[in-house]
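Structure at a glance
Each chain, written out:
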Amino acid sequence: MNISRSTNITITPSSYLSCFINENLGTATLYLSGSSESIAIQFSPDNLPMLETLISELRKLEVQSQQLKLQDLQHQISELNLSLNNVNGDCKAIVSAGDSF
């Protein structure tokens, strides 16, 4: 296949996706509709290996994204614990200072 032009399409949460099966042609068509452009991609069963690879890669990206979110949450929890320990330490110091009077 020769490609003389390429277009990048980003699917966002506001994009509309649908699928249509044409049993007579033996194809499935994926419709992508965004705010400024729509596109239809027709797949045949011969495309399954490529689609399976795409799905596998998307799952890897999803796992990486979840791991990054988890790391960020763990970092936030650590910072909160450190902040609470500092506050508790200050309170103990104030109570100790008050007791000595």
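Just so it is clear, the model here is predicted, and its values are computed rather than measured.

1. Here we look at the pairing of strand β3 (residues 38-43)
Where a strand is regular, its side chains alternate between the two sheet faces. Sheet topology places strand β2 (residues 27-33) next to β3; six bridges connect them, and they run antiparallel. From the neighbouring strand, Thr29 faces β3, where its bridge partner is Gln42. Where β2 hands over to β3, the hairpin turn is made up of four residues, counted between the paired strands.

2. What about a nonpolar patch on the surface?
There is a patch of nonpolar side chains on the surface, built from Ile9, Ile11 and Leu17 and spanning about 260 Å² of accessible area. Positionally, Leu17 belongs in strand β1 (residues 16-22). Residue class for Leu17 comes out partly exposed when judged on its relative accessible area of 46%.

3. Overview of the environment of Thr10
For Thr10, the position within the fold is in the segment before β1. Classification of Thr10 by relative accessible area gives exposed; the value is 63%.

4. Examining the side chain of Thr27
Note that Thr27 resides in strand β2. A relative accessible area of 12% means that Thr27 is categorised as buried. A distance of 3.4 Å separates a polar atom in the side chain of Thr27 from a polar atom in the side chain of Gln42. Those residues in contact with Thr27 that sit more than four places away from it in its chain are Phe20, Ile21, Asn22, Gln42 and Phe43.

5. Remarks on the sheet that holds β3
Here three strands make up an open sheet; going across it, the order is β1-β2-β3 and the pairing antiparallel. Of all strands in the sheet, those bounded by a partner on one side alone are β1 and β3. The average angle at which neighbouring strand axes cross in this sheet is 20°, direction not considered. Note: β1 against β2, seven bridges, orientation antiparallel.

Rules behind the numbers
Residues numbered from 1 in each chain as written. Predicted model: local features only at pLDDT ≥ 70, side-chain atom pairs only at ≥ 80, totals over all residues. Heavy atoms only, no water. Pairing = 2+ DSSP bridges. Helix = DSSP H or I, 4+ residues; strand = E, 2+ residues; numbered from the N terminus. Patch = residues over 30% accessible without salt bridge, like charges linked within 9 Å, V, L, I, M, F, W, Y side chains within 5 Å. Areas by Shrake-Rupley, 256 points an atom, 1.4 Å probe, with all protein chains shown as cover. Salt bridge = Lys/Arg side-chain N within 4 Å of Asp/Glu carboxyl O. Buried < 20%, exposed > 50% of the residue type's maximum accessible area, 1.4 Å probe, protein only. Polar contact = N/O pair within 3.5 Å; in protein donor to acceptor, adjacent residues only side chain to side chain. Contact = heavy atoms within 4.5 Å. Axes fitted to C-alpha atoms, helices over the stretch in contact; angles between N-to-C directions.

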